[in-house]
Amino acid sequence: MIVNVEDARRAARRRLPRIFFDYVDGGAFAEETLAANRADFARWTLVQRVLNDVSTRDLTTRFLGTDHPLPFMLGPVGFLGLYAGHGEVAAAKAAHAAGIGLCLSTFSIASLGQLRQETSGPLAFQLYVMSDRAIGDELLEQARAAGVETLFVTVDTAITSVRERDVRNGFRSLTRITPALALKFAMRPLWSLDMLRAGRPEVGAIAHRPEFGRGVLEQASHLSRRIDTRLSWKDIDDLRARWGGRLVLKGILAREDALTARAAGVDAIVVSNHGGRQLDGAASTIAALPDIAEALGDSLEILFDGGIRRGADIVKALALGASGVLLGRAYVYGLAAAGEAGVARIIAHLSEEVSLTLGLMGLSSIDELKRRGRAALRPR
Ligand SMILES: Cc1cc2nc3c(=O)[nH]c(=O)nc-3n(C[C@H](O)[C@H](O)[C@H](O)COP(=O)(O)O)c2cc1C
C-alpha cells in the first residue's frame, strides 16, 4: 500500500530494473548533498499554534503569475517514459486532474506536441541550452507551438557530474540494450510488459532528426553531447531576447547568482542543486534558501526543489521564502510504482499532508503561512 513517498520509492525499486531505479534514486559522488537535501529539513521545526479556527484550509498558492490550487507542480525529470509506459502523459494527466502543471524535460520520450495533443492542462518546458543554436531554436519553437508560457532554463548542468551508481550499472555508457541487460529487464516482467506495450522509446523532441540516431539511448547520448558546456550569463541575455514568455533559471544556489539573475531580467529562479546530482558537497537547498530569500526580498520570485518528500517539507520551503515548490523524485517514484494512479496518489498524499500540517500549525491558508514566513519555524 502506498501511504507516503517512501512507500512509493520501495514499490518503484521492486518494479524497475536496477539500472533505472538507481538512475532516479542516486546522486553525485558520495551523495552527501543528496542526503543533506533530506536531512536539513529537520534543522527547522514547525511552530504549533492553537485555538484558531482551522476547520477549512485553502491551499491556493500564487506563483509564476497564476493561482495554483496546490503549492507545488511537477518539475522536469528526464525519461519519464522509461519508468512507466507513456510516463510523461501519465504524469501530466495526474497533475492536470489535480489542477497543477508539469514541466517537461528536454530529455523526454513524449514530445511537447504529443503531450499537448493528449492533455489539456498547464505545461511548462525545461530547456538545456545547446551548443547548436538551430536545435535550441527548434526546441523553443516546439514550446511556442505547444502554448508553453514558462521556460525553465537549467543552469547547473553545463558539465555533468559523476553518479557512481550509474557508473557501476553501466548507465553512463549505455547506447544499446545488450543481452545481459535484456536478461535483467526480463526479471522485471511488469515493467517490461508495460514498456513493450508502449512501443520503442525515442527522445521525442529530436526523434525526427536522423543525425541523432535511433532509439532513446543513442539519441540521448547524442543530445547530451550537444549541451553547451560554455554556458554563461551572456547566453541568458540571448535567451531573454529570443523567448518572449516567462523565463525561469533553474539551479541557483548562491546569493550572488540570485542577484545576477535578477539583473539579467529573468522572471524567477529555482533554488536547486539538481537533487544532489551535480555538485556533491554543495549546500542542501533548504539550507541555501534563507540567504537567497533575504538577498532578493520581494524583488524576484523564488521557486524551490530538492528533497521534498513530505508535506512539512513544502511548508518549510514556503515559510523560508519560496513562492512555490517543484516535485522531483517524489512523483517519479509514484509513476514508476503505479503509473498515472501512482502520481495521483503522491499528489493527493502531499496535498493532504500540507493541509493537515498547516491546520496543526494554526494556519488556514498558504497565504497566511507566507505572511507568517520565518516566524512559522524555529531552528532546531
Ligand atoms: C532521474 C532524474 C532526472 C532529472 N532530469 C532533469 C532534467 O532533465 N532537467 C532538469 O532540469 N532537471 C532534472 N532533474 C532534476 C529535477 O528537476 C529536480 O531538480 C530534482 O529532482 C529535485 O530533487 P528531488 O528529486 O530530491 O525532489 C532530474 C532529477 C532526477 C532525479
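Sequence order sets the numbering: in each chain, residues are counted from 1 along the sequence as written. pLDDT decides what is reported in this predicted model: residues at 70 or higher carry local features, side-chain atom pairs at 80 or more are listed and counted, and totals for whole chains, interfaces and linings draw on all residues regardless. As a rule here, side-chain values cover all heavy atoms of the structure and leave hydrogens and water aside.

Undergrad: Describe the overall build of the protein chain, with residues and values.
TA: Of regular secondary structure, the protein chain possesses 16 helices and 12 strands. Computation of the radius of gyration draws on C-alpha atoms, with the globule rule given as 2.2 Å multiplied by the number of residues to the power 0.38. Here the C-alpha radius of gyration of the protein chain, 20 Å, is about what a compact globule of 380 residues would show, namely 21 Å. Each principal axis of the C-alpha distribution contributes one length, and for the protein chain these read about 65 × 50 × 40 Å. The classification of residues rests on relative accessible area computed with a 1.4 Å probe and restricted to protein chains. Under 20% of the type maximum is buried, over 50% is exposed, and intermediate values are partly exposed. Across the 380 residues of the protein chain, 58% fall into the buried class. In this description a helix means any DSSP run of H or I spanning at least four residues, a strand means any run of E spanning at least two, and both kinds are numbered starting from the N terminus.

Undergrad: Account for the layout of surface pockets, with residues named and values stated.
TA: Empty space left among the atoms is revealed by rolling a probe the size of a water molecule over them. In this structure, the largest pocket encloses a volume near 1,100 Å³. Along the walls of the largest pocket sit 50 residues, with Tyr 23, Phe 79, Tyr 128, Arg 163 and Arg 277 positioned nearest its centre. Listed by contribution, the elements that provide at least two residues to the lining of the largest pocket are helix 2 (18-25), helix 10 (216-225) and strand 11 (324-327). Amino acids are sorted into nonpolar (Ala, Val, Leu, Ile, Met, Phe, Trp, Tyr, Cys and Pro), charged (Asp, Glu, Lys and Arg) and polar (every other residue, Gly among them). Each residue belonging to the lining of the largest pocket can be placed in one class, and the counts come to 21 nonpolar, 20 polar and nine charged. Considered as a void within the structure, the second largest pocket measures approximately 670 Å³ in volume. Forming the boundary of the second largest pocket are 34 residues, of which Leu 82, Gly 199, Arg 200, Pro 201 and Glu 202 lie nearest the centre. At five residues, the largest contribution of residues to the lining of the second largest pocket is made by helix 9 (residues 189-198). For the lining of the second largest pocket, a count of residues per class yields 17 nonpolar, 10 polar and seven charged. Put plainly, a pocket is an open set of points on a 1 Å grid over the protein atoms alone with protein on both sides within 12 Å along at least five of seven lines, a cavity is a set where a 1.4 Å probe fits but cannot get out, and a lining residue has an atom within 4 Å of a point. Grid points are joined across faces, edges and corners, and a volume is the space filled by probe spheres set on the points.

Undergrad: So what's going on with the environment of Ala 268? Residues and values would help.
TA: One can find Ala 268 in strand 9 (residues 268-271). Spatially, the C-alpha atoms of Ala 268 and Ala 258 are 9.4 Å apart, while their sequence positions differ by 10 residues. Whether two residues are in contact is decided by their heavy atoms: any pair within 4.5 Å suffices. Apart from residues no more than four positions distant in its own chain, Ala 268 is found in contact with Leu 64, Leu 247, Val 248, Leu 249, Leu 300 and Glu 301.

Undergrad: Tell me what's going on with empty space enclosed by the protein, and back it up with residues and numbers.
TA: Counted under the stated rule, the structure contains one cavity of 30 Å³ or more. Put simply, the largest cavity is a space of about 30 Å³. Lining the largest cavity are Tyr 128, Val 129, Thr 154, Thr 157, Ala 158, Ile 227, Asp 228 and Leu 231. When its residues are assigned to classes, the lining of the largest cavity shows five nonpolar, two polar and one charged.

Undergrad: Explain the site of the ligand to me, using residue names and the numbers behind them.
TA: Neighbouring residues are identified by heavy atoms, a residue being near a molecule or strand if any of them is within 4 Å of it. Neighbouring the ligand are 21 residues; Pro 76, Ser 105, Thr 154, Asp 305 and Arg 329 lie closest to it. Between the ligand and the protein, one listed contact pairs an oxygen atom with a backbone N or O atom of Pro 76 at 2.6 Å. Two N or O atoms form a polar contact when they lie within 3.5 Å of each other; inside protein one atom must be a possible hydrogen donor and the other a possible acceptor, and for residues adjacent in sequence the pair counts only when both atoms belong to side chains. In this structure, a nitrogen atom belonging to the ligand sits 3.0 Å away from a side-chain N or O atom of Lys 250. The fraction of the free accessible surface of the ligand (600 Å²) that becomes covered by protein chains is 98%. The cavity that encloses the ligand is the largest pocket. For the shell around the ligand, the per-class residue count stands at six nonpolar, 10 polar and five charged. Only the protein chains shown count as cover for residues, and the accessible areas themselves come from Shrake-Rupley with a 1.4 Å probe. Pocket occupancy is defined atom-wise: a molecule lies in a cavity or pocket when more than half of its atoms are within 2 Å of its grid points.

Undergrad: Kindly report on the side chain of Ser 351, identifying the contributing residues and their values.
TA: You can see Ser 351 is positioned in helix 15 (residues 329-360). For Ser 351, a relative accessible area of 12% puts it in the buried group.

Undergrad: I'd love a proper account of helix 4 (residues 87-97), names of residues and values included.
TA: By the criterion of burial, helix 4 is predominantly enclosed, with nine of the 11 residues buried. Listing the buried residues of helix 4 in full gives Gly 87, Glu 88, Val 89, Ala 90, Ala 91, Ala 92, Ala 94, Ala 95 and His 96. Looking at the packing, one finds that the buried side of helix 4 touches strand 4 (72-74), strand 5 (102-104), helix 5 (112-118), strand 6 (123-127) and helix 15. Two residues or fewer past helix 4, Gly 99 is found with a positive phi of approximately 80°.

By themselves, these observations are geometric and do not establish any function.
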